[in-house]
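Residue-level structure breakdown
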Amino acid sequence: MMSQRVTMTTSEMPNNSLSWEPLRLTHLKPSFNNNEVALAGCQDLWHKFIIFNAANHKMPTILTAVIVTCEPEVLIPVMYKMENENKCVFLAKCTLVAIENLVKQNLTIMLPSGQVLYMDIVLGFLDTQNLMINPSKAVTHALYYRYEPAKKILNLDNFENDKNLGPMYCPLSAPRVFLFVLRCAKMGILGNARDMKLPVRELSLRNNGITAIMPYEKFFNYHLTKLDLRHNKIDDVDYLRYFSEFRITELWLDGNPLCTRYNTSEEYIQAIKLVFPHLQKLDGISIGVEKKFVPMLQPHYLGDGSRSGLIKQFVKHYFMLFDQEDRIVMHGLYDTDAFFSMTLVTTSNYVHRYLSRLVANNRNLLKFVDYAKCHEFLLQGPERIINALRRHPITVHNLKTFNIDLLHVGSRHAVISVQGLFSYKQLPGSRMSFNRTFIIVAKEDNEYCIVNDQYHIDNAPSIVDNKDLRQEVKEVPIFKPTLFSPSEKEQLLGFLHELTSMNLKFCQRYLEDANWNIRGAIINFMKSYTVNDVPPEAFR
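Residues numbered from 1 in each chain as written. Predicted model: local features only at pLDDT ≥ 70, side-chain atom pairs only at ≥ 80, totals over all residues. Heavy atoms only, no water.

**Overview of the overall build of the chain**
This is how it is decided: For helices the rule is a DSSP run of H or I covering at least 4 residues; for strands it is a run of E covering at least 2, with both sets numbered from the N terminus onward. We call a residue buried when its accessible area falls under 20% of the maximum for its residue type, exposed when it is over 50%, and partly exposed in between, using a 1.4 Å probe and counting protein chains only. Any two residues whose heavy atoms approach within 4.5 Å at even a single point are treated as in contact. Where accessible areas are quoted, they stem from the Shrake-Rupley method and a 1.4 Å probe; at the residue level, only the protein chains shown are allowed to cover.
Within the chain, the secondary structure is distributed over 14 helices and 19 strands. By the burial criterion, 45% of the 540 residues in the chain qualify as buried. A sequence separation of at least 24 residues applies to 64% of the contacts in the chain between residues at least 6 apart. Accessible surface, the chain as shown: approximately 29,400 Å² in total, 52% of it carbon and sulfur.

Rendered as structure tokens:
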């Protein structure tokens, strides 16, 4: 029946040289006539999908449910938006079979929660001339930046949020989309040699919401040895048997539900090795040494990994500013009511004697004689804190020695502990260790400020690998602060507007030309104004 229906309407199918009228399939009467079949079967047209009662659901939930409903056909949504508080829309090019699958489901989709949403489809809404997006080329372009040919690393972490995908939604959690992406990888990496396997040694698939990997095609050659699946939704190692034929020696599964299924680490290791018999390293730990009672240690503990990007960015940014010649650049890091305290270990070496002369706010409670100073040395407010830090000697921190632990996390705050090694620039050969505990909270413009900073300085451990200290001789990159946040830009615009009486449009133009340097913008304005080069519309 299907081929007969398509054959009947082939002559009616639109192309770039003919005009056509879009047709609407509605959930109120989910049916297909010959004209609708013709439009649905045309590969050069974009169809518009309208989802009702979508207000209380997030975009990934809705679009993934639509993609799964269309399986085994592939549907790649683009241009998703909320048209009103009740209705969302997106566009997609897909096969006739995909549309038929939706019609057979009465144009309904079921969410993971069990709730049913209804949809309408406007067939032939746009042609490729009006919306020139090629999903295959867009995915191949994104993969170009994610493949390292020298090291043979294919990084597909958090793929659906890749900026190079533009308005496309491409979740690897949908099996058919995952298959589509791997095919694009073959096309982009191998070109016309599509019968060959992908030359990949390391495959990273972190943070993709993957529940299972079961493609029916063979994509990777036998060189694949490292697999990173952290922070997905895999609840059974059997869902990874696709990789059992490879000689996987290193595997990461942190942050998956399957990790909580086992009572002991031995049970966990044994279950994983049934699928990956060549495994030597699991979740960063060398396995096969558990009988020697070697404790399982990891350099960082970052919870479920959802805040790892924020934490690493904060730590790197903070210590780069702390190591500057003048710590005045740290203004803005501390909240208006932030607290700071510092303790210094008591030793008789020359470093301690040097610090004791410079650092007057040592709050070591075990060494206090006058306990009234407990409150005096608990500094509050960014001015007091930064002024105190500016009196400290210039430091060089070694980021490679850092251990970072996420002690607590909430929706708008995090407690972070950082330990590591550093040295003082004025004291060649000085080696010290530190421990800092930060409490950071979210503010406007998606920025974070420190509300509490506890700083402890100690001597470096007596056994320190010299390799860990090589980085200390490198120069610290010079930090040039720039105002980029929307609230800061708004303040600059208002200031320039009041000063010059120009409208906001021209104020923004002068600030952008000066890279948001207010002094430069004022100088440029005065130069233009004195030669009568500011147009009258600037003051309207």
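**Re the nonpolar core**
Just so we agree on the cut-off: Among buried residues, those of type Ala, Val, Leu, Ile, Met, Phe, Trp, Tyr and Cys that are joined through side-chain atoms within 4.5 Å constitute a nonpolar core.
Judged by nonpolar contacts, the single largest core of 90 residues is most densely connected at Phe220 and Phe276. With residues up to four places along the chain from it excluded, the contact list for Phe220 reads Leu182, Lys197, Leu198, Val200, Leu203, Tyr242, Phe243 and Phe246. The next biggest cluster of nonpolar side chains, apart from the first, holds 37 residues, and it includes Tyr334, Phe340, Leu406 and Val418.

**Observations regarding unusual backbone geometry**
Following Glu71, the chain continues to Pro72 via a peptide bond in cis, the omega torsion being 10°. Among the secondary structure elements, Pro72 is positioned in the loop between α3 (59–70) and β3 (78–82). A positive phi angle is found at Asn158, which is not glycine, with a value near 45°. By the secondary structure assignment, Asn158 is in the loop between β8 (153–155) and α6 (175–190). If you check the backbone angles, Asp283 has positive phi at about 55° while not being a glycine. Within the secondary structure layout, Asp283 lies in the loop between β12 (281–282) and β13 (285–286).

**Examining the sheet that holds β13**
Either a parallel or an antiparallel arrangement is found when strands of a sheet pair, and the pairing is made through backbone hydrogen bonds. The cut-off we apply is this: The criterion for strand pairing is that DSSP finds at least two bridges linking the strands in question.
Overall, mixed pairing links the seven strands, which are arranged β7-β8-β9-β10-β11-β12-β13 in an open sheet. Of all the strands in the sheet, just β7 (147–148) and β13 have a single pairing partner and so form its edges. Across two bridges, the pairing between β7 and β8 is antiparallel. Its bridge partner being in β8, Glu148 is matched across the sheet by Ile153.

**Examining the packing of helix α12 (residues 486–500) against helix α14 (residues 518–530)**
Short version of the rule: To define axes, lines are fitted to C-alpha atoms, for helices over the stretch in contact only, and angles between the resulting N-to-C directions are given on a 0 to 180 degree scale. If an angle is under 35 degrees, it is roughly parallel; if it is over 145, roughly antiparallel; if it lies from 65 to 115, roughly perpendicular; otherwise it is oblique. In this scheme the handedness of a crossing depends on how the near helix is turned from the far one: anticlockwise by less than a right angle means left-handed, clockwise means right-handed.
Where α12 contacts α14, the two axes come as close as 11 Å, and the packing angle between them is 30°. It follows that α12 is roughly parallel to α14 by the angle criterion. Both α12 and α14 take part in a crossing whose hand is right-handed. On the side of α12, the interface is formed by Leu492, Phe495, Leu496, Leu499 and Thr500, while α14 contributes Ile518, Ala521, Ile522 and Phe525.

**Quick word on helix α7 (residues 265–275)**
Along an α-helix, residues three or four positions apart point the same way, because every turn accommodates 3.6 residues. Our working rule: By arc we mean the arc of the directions from the helix axis to the C-beta atoms, nothing more.
Taken residue by residue, α7 has Tyr268, Ile269, Ala271, Ile272 and Val275 as its buried positions. End-on, the buried residues of α7 take up no more than an arc of 165°, which puts them together on one face. Exposed residues on α7 whose side chains face more than 90 degrees from its buried face are Gln270 and Leu274. Of the surrounding secondary structure, the elements contacted by the buried residues of α7 are β11 (250–252) and β12.

**Examining the pattern of salt bridges**
When the charged atoms of two side chains with opposite charge come close together, those side chains can pair. The condition is simple: One side-chain nitrogen of Lys or Arg within 4 Å of one carboxyl oxygen of Asp or Glu is enough to make a salt bridge.
According to the stated counting rule, one finds 16 salt bridges in the structure shown. Among the salt bridges present, the one from Glu83 reaches Lys87, with a minimum N-O distance of 3.4 Å. Linking Arg206 and Asp228 is a salt bridge whose minimum nitrogen-to-oxygen distance equals 3.6 Å. Linking Arg206 in the loop between β9 (202–204) and β10 (226–228) with Asp228 in strand β10, this pair joins segments that are 22 residues apart in sequence. A residue is classified by how much of its surface remains accessible, and Arg206, at 27% relative accessible area, is partly exposed. When salt bridges with common partners are traced through the structure, they connect Asp157, Arg206, Asp228 and Arg230 into a single cluster.

**Re the environment of Ile457**
Inspection of the secondary structure puts Ile457 in strand β19 (residues 448–459). For Ile457, a relative accessible area of 1% gives the class buried. As a C-alpha pair, Ile457 and Ser433 span 24 residues in sequence and 6.0 Å in three-dimensional space. Those residues in contact with Ile457 that sit more than four places away from it in its chain are Met342, Thr343, Leu344, Val345, Phe422, Tyr424, Met432 and Ser433.

**Brief notes about the sheet that holds β19**
Pairing within the open sheet is mixed, and its six strands lie in the order β15-β14-β19-β18-β17-β16. Only two strands of the sheet have a single partner each, and these edge strands are β15 (379–380) and β16 (395–409). Two elements, strand β14 (residues 334–344) and β19, share seven bridges in a ladder whose sense is parallel. The residue of β19 that forms the bridge with Thr343 is His456. Packed onto the sheet, helix α8 (residues 308–322) meets β14, β16, β17 (413–424), β18 (432–442) and β19 and runs at close to 145° relative to β16. Packing of helix α11 (residues 382–390) onto the sheet brings it into contact with β14 and β15, and relative to β14 it is tilted by some 35°.

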